[in-house]
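Inside the fold
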Amino acid sequence: TTYENSFPKGFLWGGATAANQIEGAWNLDGKGLSTAEVVQKADDRRKMSMGDVTEETLAIALADKTDDLYPKRRGVDFYHHYKEDIALFAEMGFKVYRFSIAWSRIFPQGEDAQPNEAGLVFYDNVLAELAKYDIVPLVTLSHYEMPVVLTQKYNGWAGRETIAAFNRFTETVFNRYHDQVDYWLTFNEINTGTWGFHETGAIDKGLSEREQLQIRYQALHHQFVASAIATKQLHQIDPNAKIGSMLARMQTYPATPKPEDVRAAQLEDEKNLFFTDVQARGEYPEYMNRFFSENGIVIHMAEDDQAILLENPVDFISFSYYMTNVTQHNQVDDGVGNMAVGGRNPYLKESDWGWQIDPVGLRITLNAMWDRYRKPLFIVENGLGALDKLEDDGHVHDQYRIDYLRAHIEQMKEAIKDGVNLLGYTMWGPIDLISFSTSEMSKRYGFIYVDQDDDGKGTLKRIKKDSFTWYKEVIASNGETL
Ligand code: BG6
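Residues numbered from 1 in each chain as written. Predicted model: local features only at pLDDT ≥ 70, side-chain atom pairs only at ≥ 80, totals over all residues.

Heads up, the rule is: UniProt positions are given in the numbering used here, feature names are shortened, and annotations may be inferred rather than shown by experiment.
An unreviewed UniProt entry annotates the protein as Glycoside hydrolase family 1 protein of Leuconostoc kimchii. On record in UniProt, under Sequence similarities (unreviewed entry), the comment for the protein is "Belongs to the glycosyl hydrolase 1 family."

**Some details on the overall build of the protein**
To be explicit about the condition: Numbered from the N terminus, helices here are DSSP runs of H or I no shorter than four residues, and strands are runs of E no shorter than two. Between the two quantities, the radius of gyration covers C-alpha atoms and the globule rule is 2.2 Å times the number of residues to the power 0.38. Any residue surrounded by 20 or more other C-beta atoms within 10 Å of its C-beta is treated as buried, while 12 or fewer makes it exposed and the intermediate range makes it partly exposed; C-beta atoms here are placed from the backbone.
The number of helices and strands found in the protein is 15 helices and 13 strands. Its C-alpha atoms give the protein a radius of gyration of 21 Å, within 12% of the compact-globule value 23 Å for 482 residues. Seen through its principal axes, the protein has C-alpha atoms that stretch 60 × 55 × 45 Å. Here the protein holds 482 residues, and the buried ones make up 48% of them.

**A look at the sheet that holds strand β3 (residues 136-142)**
Applied cut-off: A pair of strands is treated as paired once DSSP finds two or more bridges between them. Orientation is described by axes fitted as lines to C-alpha atoms, over the contacting stretch for helices, and by angles from 0 to 180 degrees between their N-to-C directions. Note that contacts rest on C-beta atoms placed from the backbone: two residues are in contact if these are within 7 Å.
With parallel pairing, the eight strands of this closed barrel are ordered in space as β1-β2-β3-β4-β5-β7-β10-β11. The mean angle between the axes of side-by-side strands here comes to 25 degrees, regardless of whether they run parallel or antiparallel. As paired elements, strand β1 (residues 12-16) and strand β11 (residues 422-428) share five bridges and run parallel to each other. When the bridges of β11 are listed, G14 appears paired with T426. Contacts from helix α9 (residues 209-237) reach β3, β4 (183-187) and β5 (242-248), with the element oriented near 160 degrees to β4. Relative to the sheet, helix α13 (residues 359-373) contacts β7 (316-320), β10 (377-381) and β11, its axis offset from that of β10 by approximately 135 degrees.

**With respect to the pairing of strand β2 (residues 96-100)**
Of all five residues in β2, five are buried, a share of seventy percent or more. Where burial is concerned, the two faces of β2 agree: the one with V96, R98 and S100 and the one with Y97 and F99 are both buried. For β1 and β2, the ladder comprises three bridges, and the chain directions are parallel. Within β2, the residue paired with G14 across the bridge is V96. The pairing of β2 with β3 spans five bridges and is parallel. Bridge assignment links F99 to a residue of β3, and that residue is V139.

**A word on helix α3 (residues 78-92)**
Selection rule: Helix span is expected to be 1.5 Å times the residue number reduced by one. The reported bend at a residue is simply the angle between two axes, fitted to the 7 residues ending at it and to the 7 residues beginning with it.
Along its 15 residues, α3 runs just 18 Å from first to last C-alpha, ending more than 12% under the 21 Å computed at 1.5 Å per residue. The largest bend in α3 is about 40 degrees, located at E84. Of the residues making up α3, those classed as buried are F78, Y79, H81, D85, I86, F89 and M92. Count one or two residues on from α3 and you reach G93, which has phi positive near 90 degrees.

**Description of the UniProt feature "active site" (unreviewed entry) in the protein**
The feature "active site" (unreviewed entry), as given by UniProt, occupies E381 in the numbering adopted here. Tracing the backbone shows E381 in strand β10. Those residues in contact with E381, other than ones at most four positions away along the chain, are A16, S320, Y321, T426 and W428.

**Examining the confidence of the model for the protein**
One rule of thumb: low pLDDT means the predicted coordinates there are not for detailed reading. Rules: Scored from 0 to 100, pLDDT reflects the predictor's confidence in each residue.
When the pLDDT values of the protein are averaged, the result is 94; 95% of them are 70 or greater. Predicted confidence is poor over residues 333-340, with pLDDT under 50, and the contacts of this stretch with residues over four places away or in other chains come to 20 contacts. Confidence metrics for the complex model read pTM 0.96 and ipTM 0.99.

**Thoughts on the environment of T252**
Residue placement: T252 occurs in strand β6 (residues 251-254). Residue T252 is classed as buried on the basis of its C-beta count, with 21 C-beta atoms lying within 10 Å. It is 38 Å that separates the C-alpha atoms of T252 and D68, two residues lying 184 residues apart in sequence. T252 has contacts with A265, E268, D269, N325 and T327, leaving out every residue within four places of it along the chain.

**Notes on the environment of R444**
On the secondary structure map, R444 appears in the loop between β11 and β12 (448-450). Among the residues examined, R444 registers 24 C-beta atoms within 10 Å and is labelled buried. C-alpha of R444 to C-alpha of I434: the two residues are ten residues apart in sequence and 8.1 Å apart in space. Not counting chain neighbours up to four residues away, the residues in contact with R444 comprise G385, A386, D388 and D432.

**Re the site of the ligand**
Counted only if it meets this: Residues are counted as near a molecule or strand when the C-beta atom, derived from backbone positions, lies within 6 Å of that molecule or strand. When residues are sorted by character, Ala, Val, Leu, Ile, Met, Phe, Trp, Tyr, Cys and Pro go into the nonpolar class, Asp, Glu, Lys and Arg into the charged class, and all the rest, Gly among them, into the polar class.
Neighbouring the ligand are 14 residues; A18, G385, S435, F436 and S437 lie closest to it. Looking at side-chain class alone, the shell around the ligand contains five nonpolar, six polar and three charged residues.

**Some points on the packing of helix α14 (residues 399-417) against helix α15 (residues 466-476)**
When two helices pack together, their arrangement is given by the angle between the helix axes and the distance between those axes. What counts here: Roughly parallel means an angle under 35 degrees; roughly antiparallel means over 145; roughly perpendicular covers 65 to 115; every other angle is labelled oblique. Crossing handedness is defined as follows: a turn of the near helix away from the far one that is anticlockwise and smaller than a right angle gives a left-handed crossing, while the clockwise case is right-handed.
Packing of α14 against α15 brings their axes to within 8 Å, and their N-to-C directions diverge by 25 degrees. The pairing of α14 with α15 is recorded here as roughly parallel in orientation. As α14 runs across α15, the sense of the crossing is right-handed. Of α15, the residues touching α14 (which contributes Q399, R401, I402 and I409) are D466, S467, W470 and V474. Taken together, the residues of the contact of α14 with α15 break down into four nonpolar, two polar and two charged.

**Examining the pairing of β4**
Two faces belong to every sheet, and in a regular strand the side chains alternate between them. For β4, the tally of buried residues reaches five of five residues, placing the bulk of the element in the interior. The sheet contact formed by β3 and β4 spans four bridges and is parallel. Of the residues in β4, the one forming a bridge with L138 is Y183. Where β4 lies against β5, three bridges are found, and the strand directions are parallel. From the neighbouring strand, Y183 faces β5, where its bridge partner is K242.

**Regarding the nonpolar core**
Nonpolar side chains tend toward joint burial in soluble globular proteins. The criterion, for reference: Put simply, a nonpolar core is a cluster of buried Ala, Val, Leu, Ile, Met, Phe, Trp, Tyr and Cys residues tied together by C-beta atoms within 7 Å.
If you look at the biggest cluster of nonpolar residues, it comprises 119 residues, and the most contacted ones within it are I101, W184, L366, L377, V380 and M412. Setting aside its immediate chain neighbours within four residues, I101 contacts A19, I106, Y123, V139, L141 and V173.

Given below as structure tokens:
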């Protein structure tokens, strides 16, 4: 064996976006309001806005018909620029483009008698455009949004009724697009459902942390079941299509070699991998059943739930990778069991937003995930949010982004040499878009700069950054020229 050319032929290089961060057109062509469009922008860069929806802020958002406080309503107007944007992706040589379908474009009120044809046509058009350039679509079914009506009616995924609504949506889009789409993902970063509103659509009712966790884990159970039902639907509609899980991977390191710290790190890691354990292996692992029972959390299951999970595991495993964690044993019982505490890693640098940069951690994660699951892996997000500067001469010199991506791709290569089956790499935000966590425009990830500021002002003009040319070379050389 030669280890020279490590990326396999057909490796899927590309980029990833999400409907609510890129499309805009929040109230056009019959689209309903989504949960992402009621989340206000953060007032502080380091403070994430993703969990901040209460009965009160929801009422304010519903009454507000502007996008001033809600940048995800405007995105970067991909809705009207998709041809131009996809042509730019094609120019870089993209093999794959990951995007999400906005559920609220297809079922504006969540449980409409008929899907919204205009919404379906939009994605017909996007797929036709990708086909022109032989770009393989990778479609996320739920990326941090749902029709807001389902929050009002059922408290989002906390209500079991949402399963049926979602699976009508998935059946509709599978039937419509299965000829064009071979790769699907169910829930984006499903594990972040334990953090707040954005993933489950369940609003903050001022409950205790333990009560909130009860609601969130129950909501997640409904998502696990809905994901398994979607898997079953897809395999029935198109036996060749593949569907994957999607985890925000958080590799955890122990703060010291003290065995209690190592064990605390292992537990943190398990609590992250739990989600993929359920989706790939088809059952709740015993370590989580123990965690639930020790913390008074009860997962209510219907009779068939366990069978549905067991019979419909995912075909492949995808994840996002941005950072790693450090943990040490905490003697203090903080009310949610003997939880570990997170910390900074003194060996790593961080981004302007305090996200610690750890390329080697990607290799560790890839090797560990492959060992654990033996299913194909797909890195569907990785990238650097930075404050880019558009120079007077019209250029953006983003060498720091090139350095970041290169370092991560080098580690992917090492993992592949170790035998990891990696299907592809879609870096996050190939075109600048609205930040998920802060709703800023100035947190930019792209190879393509978009002329728009945090207040939504600008021409929306697309400008190639230095990293554009660099990534084009990476793809053309199948990862050999970095
Ligand atoms: C992931 C999400 O958490 O990270 C994306 O799936 C998000 O939606 C990305 O945009 C980067 O996060 P942020 O907050 O910098 O946009």
